[in-house]
Amino acid sequence: MQRFCLHTAQHSQYHDIQQLWGDPTESQDVPQGSSINQVERFTKIDKGCKETLPIFTFLLHENPQCQDDIDGSLLKHKTRLLWSLVADIISTVEFNQTGELLATGDKGGRVVIFQREPESKNEPNCQGEYNVYSTFQSHEPEFDYLKSLEIEEKINKIRWLPQQNAAHFLLSTNDKTIKLWKVSERDKRPEGYNLKDEEGRLKDLSTVTSLQVPVLKPMDLMVEVSPRRIFANAHTYHVNSISVNSDCETYMSADDLRINLWHLAITDRSFIFEEPEDPSNRSFFSEIISSISDVKFSHSGRYLLTRDYLTVKVWDMNMENKPIETYQVHDYLRSKLCSLYENDCIFDKFECAWNGTDSVIMTGAYNNFFRMFDRNTKRDVTLEASRESSKPRAVLKPRRVCTGGKRRKDDISVDSLDFTKKILHTAWHPAENIIAIAATNNLYIFQDKVNSEVH
């Protein structure tokens with residue numbers, strides 16, 4: 001089992017609450033060329049507000065005359081700020097097949113793509129950081145009038161298709177709609193049209209006295225993102241996960257009750273994977289905890305990785321009636337399902353990931369813990385991603401949850417777990433031991449300790 005250390009500083013999409021409000025008489029400018037450990041969302045606060053109030057306090061002033069003056073503007077800023085805090089929460093993370101691009105989706109329906117910088121000439125062995133490459137709005141909020149159901153724009157999953165030409169393609173999905181996007185670069189523009197001027201407007205034909213051959217001239221690099229296909233109304237229930245197969249022609253989508261295997265060109269047929277329920281383990285919560293929250297093809301295309309609430313399972317594509325491997329992620333929570341149901345944590349959707357050789361599995365848990373399972377040695381480890389325990393180049397120490405009996409020094413009791421801190425979204429670099437962990441609005445990138453010492 002590898003040892004991991006923090007590769008780059010954690011990515012926070014916005015300041016702390018205190019920094020966001022700051023001095024209301026000062027405006028903040030957004031820095032250009034921010035890297036992954038610098039990208040932050042800045043909120044401009046208009047001048048004129050004389051005092052800074054707590055975010056969740058809406059009693060503005062005791063004087064009703066003054067309150068009328070500042071009510072609208074300050075509440076508008078607060079509402080906008082609160083929405084920004086929610087919309088910026090990362091909801092999915094995914095490397096492309098080479099690991100050079102890293103895509104994140106958030107609750108606001110946006111997709112942010114990071115690109116890995118090339119190695120420096122002065123430091124040829126120094127690995128580059130990930131900088132912002134492109135940002136686009138993938139989904140908008142919708143309303144299903146037939147079911148009187150609001151469909152939020154939150155990005156549930158992003159999956160890259162294997163690159164076959166200069167352009168990149170990715171699938172993104174919210175609860176109901178899966179979209180195929182094309183990401184391409186353009187660094188030249190055509191000039192010298194015969195019937196159009198430089199701004200694209202049609203010329204007066206009487207002024208055209210000669211013909212010329214249009215030419216391509218260099219321009220600043222522009223990243224273009226366009227939708228190529230939309231898969232709407234493919235699921236009755238919320239889509240939790242999608243995964244592209246190695247044949248580049250089929251992909252899977254999973255909702256709360258089933259896994260569907262689709263062809264990219266056929267939307268009316270699918271192959272369903274389902275495991276029969278064990279009657280001896282049936283309970284009030286059995287359907288909830290058995291709901292599939294994520295599914296991934298192995299890199300070889302032979303196996304399938306699925307995650308439900310308590311376990312992660314490996315399936316063989318040649319044997320769909322039952323999994324060939326089952327790993328307990330946090331079985332100690334089985335006795336706490338009632339309280340987890342009351343606080344809605346039982347409905348959390350955890351992702352899972354393969355390493356580059358399909359020999360190690362990774363998935364998230366509570367208390368900002370994430371778990372790794374070695375399929376060959378059957379060993380497992382629990383690690384933590386948090387500001388308190390993660391310092392640059394520091395080695396992550398294994399953590400252990402104590403369920404009773406003797407307790408070691410660094411053990412944490414199951415009753416002390418913080419269920420508001422959870423690792424729902426994880427990704428593993430396809431060729432290197434680099435992992436990306438999303439914890440609310442923080443993105444952590446960890447690297448294998450052995451490889452980091454080489455560099």
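Residues numbered from 1 in each chain as written. Predicted model: local features only at pLDDT ≥ 70, side-chain atom pairs only at ≥ 80, totals over all residues. Heavy atoms only, no water.

Under an unreviewed UniProt entry, the name given to the chain is Serine/threonine-protein phosphatase 2A 55 kDa regulatory subunit B, and the source organism is Polypterus senegalus. The UniProt entry for the chain carries the following comment under Sequence similarities (unreviewed entry): "Belongs to the phosphatase 2A regulatory subunit B family." (UniProt positions renumbered as here; feature names shortened; annotations may be inferred.)

Enquirer: Would you mind going over the side chain of Ser413 in detail, with residue names and values included?
Expert: Within the element layout of this structure, Ser413 appears in strand E25 (residues 412-413). Leave out the neighbours within four places in its chain, and Ser413 touches Val401, Cys402 and Arg407. (Helix = DSSP H or I, 4+ residues; strand = E, 2+ residues; numbered from the N terminus. Contact = heavy atoms within 4.5 Å.)

Enquirer: Tell me what's going on with the sheet that holds strand E18 (residues 311-316), and back it up with residues and numbers.
Expert: In space, the four strands of this open sheet follow the order E16-E17-E18-E19, with antiparallel pairing throughout. Of all strands in the sheet, those with a lone pairing partner are strand E16 (294-297) and strand E19 (325-328), marking the two edges. Looking at each pair of strands side by side, their axes are set apart by 15 degrees on average, direction ignored. Both strand E17 (residues 303-307) and E18 contribute to a ladder of five bridges, which runs antiparallel. By the bridge assignment for E18, Leu305 is matched with Val314. (Pairing = 2+ DSSP bridges. Axes fitted to C-alpha atoms, helices over the stretch in contact; angles between N-to-C directions.)

Enquirer: Residue-level account of the sheet that holds strand E4 (residues 110-116), with values.
Expert: Read from one edge of the open sheet, four strands run E2-E3-E4-E5, paired in antiparallel fashion. Among the strands making up the open sheet, the edge pair consists of strand E2 (90-95) and strand E5 (130-137). Within the sheet, the average angular offset between the axes of one strand and its neighbour, ignoring direction, is 20 degrees. Of the pairings in the sheet, the one linking E2 to strand E3 (residues 101-106) comprises five bridges and is antiparallel in character. When the bridges of E3 are listed, Thr92 appears paired with Gly105.

Enquirer: Break down the nonpolar core for me, with residues and values.
Expert: The nonpolar side chains of a soluble globular protein tend to be buried, and buried together. Counting 28 residues, the largest nonpolar core has Tyr309, Val312, Leu333, Leu340, Ile361 and Leu417 as the members making the most contacts within it. With residues near it in sequence (within four places) discarded, Tyr309 still touches Ile289, Ser291, His330, Leu333, Leu337, Leu340, Cys345, Ile346, Asp348, Phe350 and Tyr366. In terms of nonpolar packing, the next biggest core, distinct from the first, is built from 16 residues, Phe370, Ala385, Ile423 and Ala439 among them. (Core = buried A, V, L, I, M, F, W, Y, C linked by side-chain atoms within 4.5 Å. Buried < 20%, exposed > 50% of the residue type's maximum accessible area, 1.4 Å probe, protein only.)

Enquirer: Kindly report on the pattern of salt bridges, identifying the contributing residues and their values.
Expert: In the structure shown here, the tally under the stated rule is 20 salt bridges. Of the charged contacts in the structure, one is a salt bridge between Arg400 and Asp411, with a shortest N-O distance of 2.4 Å. One end of the pair, Arg400, is in the loop between strand E23 (380-384) and strand E24 (401-402); the other, Asp411, is in the loop between E24 and E25, with 11 residues separating them in the sequence. (Salt bridge = Lys/Arg side-chain N within 4 Å of Asp/Glu carboxyl O.)

Enquirer: Any chance you could break down a nonpolar patch on the surface for me, citing the residues and the numbers?
Expert: The grouping of Leu195, Leu202 and Leu205 at the surface amounts to a nonpolar patch, some 360 Å² of accessible area in total. With respect to the helices and strands, Leu202 occurs in the loop between strand E10 (178-191) and strand E11 (215-231). Overall, the relative accessible area of 71% leaves Leu202 in the exposed class. (Patch = residues over 30% accessible without salt bridge, like charges linked within 9 Å, V, L, I, M, F, W, Y side chains within 5 Å. Areas by Shrake-Rupley, 256 points an atom, 1.4 Å probe, with all protein chains shown as cover.)

Enquirer: How would you explain the packing of aromatic side chains if you had to name every residue and give the values?
Expert: Scanning all chains against the criterion turns up 13 aromatic pairs. Look at Phe136 and Trp181: their rings are 4.9 Å apart centre to centre, the planes differ by 50 degrees, and that puts the pair in the tilted class. Of this pair, Phe136 sits in strand E5 while Trp181 sits in strand E10; the two residues are 45 residues apart in sequence, bridging distant segments of the chain. Judged by its relative accessible area of 10%, Phe136 falls in the buried class. Taking the relative accessible area as the measure of exposure, Trp181 reaches 6% and is therefore buried. Three or more aromatic residues joined by ring pairs make a cluster, and in this case those are Tyr309, Phe350, Tyr366 and Phe419. (Phe/Tyr/Trp six-rings, centres within 6.5 Å; stacked < 30°, edge-to-face > 60°.)

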